[in-house]
Amino acid sequence: MKKNIISWQERASLFLSSSKMEDLEKENKVSVKTVEILEGTDDVAKGIIQSSIRSAICIDDAYAAPYSLATEGLNFDDPKELFYSFRKDGHCDLDIYQFTDNVEWEKHKYLLHNKDLLIQDWELNSKPGAGETKYDYTLTIIKDIFENNIVPFIVIYTNREDLSDVSKVLLNNFNAHNSEDFEIMIEEFKAKFSRMSTNCEEIYNYFEDDTQINRFHEYILFPSRRNDIRKEILDSFYSFLEIETKHLEKFPKKIISGMKYFNNVESIEDAVLLLSNICLSKDRRSKLIFKNERINIERLCYSINGTVVLILHKEDRTGGVKPDKLFDVFSQSITNNPHSIINLISIELKDKFREDFSKIGTKFNTIEKNAFLHHGKNYYKKDAEDGVEVFQKTSFKNFVVRSWIHELLQKNLDLNLDSFKLIEKELSIYIPKEGSELEISLAKYASMVSCVHLANKTNKKLGFGDVFKSGNEYFLCITPHCDCFTPSKINNEFSFIKKTDSITKLAVALKNAEQGFYTFISNGKKTEAIEWACKPFTSHIPNKMNESNDKSISYSGITYDLEFVCSLKENYAQRISNNSFGQGYRVGIDLPHLS
């Protein structure tokens, strides 16, 4: 029993204040109440994983696929053990794909569709050519997954001797920063310490040094050792810059004060974490933003763009995992994740929705074709420019999709989720945090709840609730849905509102989020709150412009080029729209009154 208590002590640390946790660690015990609350949680979590991870795929260049003809030199036993253990222990169907090259894989990418778990060999290219590595093919596959959120869980299953090598490659390639950020940061460091050290011009060499890069990697890699590693990093930096002793106490504050990348960083601990990520991305050219976070469990595990990546040795390495034990190890790792409650809700909801969508689809099949086509005829409208009747395909498609979504919502309003049994237990021991870190976390949560971020928006036309940026200005389209679908009804005069001229602090916006008219935007690097000046104006947007990515509007005699940011979900957009259009119903009166 004691073993379970200690395990849950580690997990509960996310919800306890740091000072209280230090006391608990000294005593090496948890209160009886906490133990009672968390009792049985592992069983609930494992049950959710077993019932929700329905379909998986293993990609390996050495594994023989079922029924394949060319099998010489391939491994039969391990994929067979994997296959049957997933059926038995996970109630999960497992596909085995024997990887050969990227050209063949492009033809088989469909195998990833509707998968809940990917088991990915790390070195798919056993004979890399000049300028290639053994893991290039793997990076291509998982990059697509991270960009498009295709699979929620990945297990990198590898013979690589040192798993930290895999970790470093992942952090180098999937980061929120790149070489440009590294260069800017170096210049800021030079300017910051120019008066304190004669060596400041050599700072670039310091951050490029392999020893320092390894320290930064270890800082991310080993959460439990961060205090010691941070001291090593700071001491080596003091030594390199030859900073006088009198400056040492002020040095940490110097790092996080006034520098571009540390504006929203509250503590030196988080500053060093951010610094580590920037330094590890020094050779990265891509401008794509990937959010990575080390998941604080014993095994090596990350969250990259929301996809959980667990890194495991194959069985022929020390501490390796046998194929028939892989599902159990994966399940236990997810359960041990302090963030597991969020993962469990996600996979359980996805599973329930997937099941219900199937039922809705079956019901849709019973609709009479005549009725469907008769209603579809209503979507032929005359084009305002040439008078020709055109089928409003997007409008009709939107009608059909919404009918599915609304039924799905009604079916699941009273949904029974096992994961919510865990929430009440977690809340009973949660102690609220304070400060800018909480504000940023809440604002990101508010953004997720109220906004839809589409990296590759297929429909380029203006839509109700679309948010655009132009320089430092933000605009919100409040043109009703039906008019967006058929702009000729409003002579292509679209309605917008603009953000207020004042800068909105996150703390103020969060306190007034439900009373005021705010939108929270999070783009991976910056999180901000926009307060809307609910005063509508119209701007003419021709059809050709409306159907392109290059849109511009006119406001107060100034032309603004628009960059799409996100779309507000309907309720949030409608509330702001109602208030905006309500401005026209105000009536000013003048009566005798007391001051």
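Cut-offs applied
Residues numbered from 1 in each chain as written. Predicted model: local features only at pLDDT ≥ 70, side-chain atom pairs only at ≥ 80, totals over all residues. Heavy atoms only, no water. Helix = DSSP H or I, 4+ residues; strand = E, 2+ residues; numbered from the N terminus. Buried < 20%, exposed > 50% of the residue type's maximum accessible area, 1.4 Å probe, protein only. Contact = heavy atoms within 4.5 Å. Areas by Shrake-Rupley, 256 points an atom, 1.4 Å probe, with all protein chains shown as cover. Pairing = 2+ DSSP bridges. Axes fitted to C-alpha atoms, helices over the stretch in contact; angles between N-to-C directions. Salt bridge = Lys/Arg side-chain N within 4 Å of Asp/Glu carboxyl O. Disulfide = S-S within 2.5 Å. Phe/Tyr/Trp six-rings, centres within 6.5 Å; stacked < 30°, edge-to-face > 60°. Lys NZ or Arg CZ within 6 Å of the ring centre and 35° of its normal. Patch = residues over 30% accessible without salt bridge, like charges linked within 9 Å, V, L, I, M, F, W, Y side chains within 5 Å. Core = buried A, V, L, I, M, F, W, Y, C linked by side-chain atoms within 4.5 Å. Parallel < 35°, antiparallel > 145°, perpendicular 65-115°, else oblique. Nonpolar A, V, L, I, M, F, W, Y, C, P; charged D, E, K, R; others polar. Left-handed = near helix turned anticlockwise from the far one by under 90°. pLDDT = per-residue confidence, 0-100. Polar contact = N/O pair within 3.5 Å; in protein donor to acceptor, adjacent residues only side chain to side chain. Expected span 1.5 Å × (residues − 1).

Chemist: Mind showing me how you'd approach the overall build of the protein chain here?
Modeler: For the protein chain, the helix and strand inventory stands at 24 helices and 17 strands. Classification of the 595 residues of the protein chain by burial places 43% in the buried group. Sequence separation of at least 24 residues holds for 70% of the intrachain contacts in the protein chain that already meet a minimum separation of 6. Of the accessible surface of the protein chain, which amounts to about 33,400 Å², a share of 50% is contributed by carbon and sulfur atoms.

Chemist: Hey, could you run me through the sheet that holds strand β7 (residues 307-313) in this one?
Modeler: Neighbouring strands of a sheet are bound in pairs by backbone hydrogen bonds; such pairs are parallel or else antiparallel. With mixed pairing, the 7 strands of this open sheet are ordered in space as β2-β1-β3-β4-β7-β6-β5. Because the sheet does not close on itself, it has two edges, and the strands there are β2 (93-98) and β5 (292-294). Taken pair by pair, the neighbouring strands of this sheet meet at an average axis angle of 20°, ignoring direction. Note: strand β1 (residues 55-60) against strand β3 (residues 117-121), 4 bridges, orientation parallel. Within the sheet, the bridge partner assigned to A56 lies in β3 and is L117.

Chemist: What is the right way to read the pattern of salt bridges from this model?
Modeler: Once the charged atoms of two side chains with opposite charge are near each other, the side chains can pair. Throughout the structure, instances matching the rule amount to 27 salt bridges. Between R54 and D351 there is a salt bridge, and its shortest N-O distance comes to 3.1 Å. With R54 in the loop between α4 (41-52) and β1 and D351 in helix α16 (residues 340-364), this pair connects stretches of sequence that are 297 residues apart. Taking the relative accessible area as the measure of exposure, D351 reaches 5% and is therefore buried. A network of salt bridges, in which partner residues are shared, links R54, D116, K350, D351 and R354.

Chemist: Would you mind going over the state of the cysteines with me for this structure?
Modeler: Each disulfide consists of one covalent bond between the sulfur atoms belonging to two cysteines. For the coordinates displayed, the defined rule picks out 0 disulfides. Here C451 stays free of any disulfide, with the sulfur of C566 as its closest cysteine sulfur at 3.9 Å.

Chemist: Could you clarify how one ought to interpret the packing of aromatic side chains in this entry?
Modeler: Geometrically, a pair of aromatic rings is defined through the distance of the ring centres and the angle of the planes. In the structure shown here, the tally under the stated rule is 28 aromatic pairs. With a centroid separation of 6.1 Å and 65° between ring planes, the pair formed by F391 and F396 is classed as edge-to-face. Take F391: its relative accessible area is 33%, and that puts it in the partly exposed class. Of the residues examined, F396 reaches a relative accessible area of 10% and is grouped as buried. Ring-pair connections join several aromatic residues into one group, and the members of that group are F189, Y206, F207, F216, F237 and F240. In this structure, R226 packs its charged tip against the face of Y219, placed 5.4 Å from the ring centre. When the ring centre of Y380 is taken as reference, the NZ or CZ atom of K377 above it lies at 5.2 Å.

Chemist: When you look at a nonpolar patch on the surface in this model, what are you seeing that I'm missing?
Modeler: On the surface, L442, Y445, M448, V449 and Y572 cluster together into a nonpolar patch covering about 490 Å² of accessible area. In terms of residues, the nonpolar patch owes the most to one element, helix α20 (residues 436-450), which gives 4 residues. Locating V449 in the fold gives a position in helix α20.

Chemist: Looking at this model, I keep getting lost on the pairing of strand β16 (residues 551-555). Mind explaining?
Modeler: Sheet faces and side chains relate simply in a regular strand, where the side chains alternate between the two faces. Two elements, β16 and strand β17 (residues 558-568), share 5 bridges in a ladder whose sense is antiparallel. Paired with Y555 across the bridge in β17 is I558. The hairpin turn running from β16 into β17, its antiparallel successor, is 2 residues long, and S556 in that turn takes a positive phi close to 50°.

Chemist: I keep staring at the nonpolar core and nothing clicks. Help me out?
Modeler: One recurring pattern in soluble globular proteins: nonpolar side chains tend to sit buried together. The biggest cluster of nonpolar side chains holds 66 residues, and the ones touching the most others in it are I59, L118, L170, M185, F189 and F207. Per-element accounting of this core gives the leading share, 8 residues, to helix α14 (residues 268-280). Judged by nonpolar contacts, the second largest core, of 34 residues, contains C58, L94, V155 and L310.

Chemist: I'm lost on the pairing of strand β14 (residues 518-522) in this one. Help?
Modeler: Of all 5 residues in β14, 5 are buried; the element is thus mostly enclosed. Burial along β14 is two-sided: the face carrying Y518, F520 and S522 and the face carrying T519 and I521 are both buried. Pairing of β14 with strand β15 (residues 527-540), which is carried by 5 bridges, proceeds in the antiparallel orientation. When the sheet's bridge partners are listed, S522 is paired in β15 with T527.

Chemist: Please explain the packing of helix α5 (residues 77-90) against helix α15 (residues 326-336) as it appears in this structure.
Modeler: If you want to describe how two helices pack, look at the angle between their axes and the distance between the axes. Running from N to C, α5 and α15 point in directions that differ by 50°, and their axes come no closer than 8 Å. With respect to α15, the element α5 is oriented oblique. Within the contact between the two elements, α5 uses L82, F86, D89 and G90 and α15 uses L326, F327 and D328. Grouping the amino acids of the contact of α5 with α15 by side-chain chemistry returns 4 nonpolar, 1 polar and 2 charged.

Chemist: Sorry, what's going on with the packing of helix α11 (residues 210-221) against helix α12 (residues 226-241) here?
Modeler: Two numbers describe how α11 lies on α12: the axes approach to 9 Å, and their chain directions differ by 155°. Relative to α12, the element α11 lies roughly antiparallel. Remark: the crossing between α11 and α12 carries left-handed chirality. The residues of α12 that touch α11, namely those facing Q212, R215, F216, E218, Y219 and I220, are R226, I229, R230, E232, I233 and S236.

Chemist: Explain the confidence of the model for the protein chain to me, please; I cannot follow it from the model alone.
Modeler: Residues with a pLDDT of 70 or more make up 87% of the protein chain, whose mean pLDDT is 83. This model gives residues 1-39 a pLDDT under 50, and the stretch forms 42 contacts once residues within four places in sequence are excluded.

Chemist: Explain the environment of E202 here, please?
Modeler: Looking at where E202 falls in the secondary structure, it is placed in the loop between α9 (179-193) and α10 (203-208). Spatially, the C-alpha atom of E202 lies 9.0 Å from that of F240, the residues being 38 residues apart in sequence. A distance of 2.8 Å separates a polar atom in the side chain of E202 from a polar atom in the side chain of N205.

Chemist: It is not clear to me how unusual backbone geometry should be interpreted in this structure. Could you clarify?
Modeler: The phi angle of most residues is negative, glycine excepted, and most peptide bonds adopt the trans form. Look at H91: it is not a glycine, yet its phi comes out positive at around 50°. When its relative accessible area of 52% is taken as the criterion, H91 is described as exposed. Of note, N149 is a non-glycine position whose phi angle comes to about 50°, a positive value. Along the chain, N149 falls in the loop between α7 (136-148) and β4 (153-158). The exposure class assigned to N149 is exposed, which follows from its relative accessible area of 52%.

Chemist: Can you walk me through the side chain of T479 in this structure?
Modeler: Locating T479 in the fold gives a position in the loop between β12 (473-477) and α21 (481-485). Apart from the residues within four sequence positions on either side, T479 is in contact with F464, C484, I490, F494 and S495.

Chemist: Would you mind showing me how to read α5 here?
Modeler: Residues three or four positions apart in an α-helix share a direction because the helix packs 3.6 residues into each turn. An ideal rise of 1.5 Å per residue puts 20 Å on 14 residues; α5 measures up with 19 Å between its terminal C-alpha atoms. Where α5 ends, the next residue or the one after it, H91, has phi of about 50°, a positive value.

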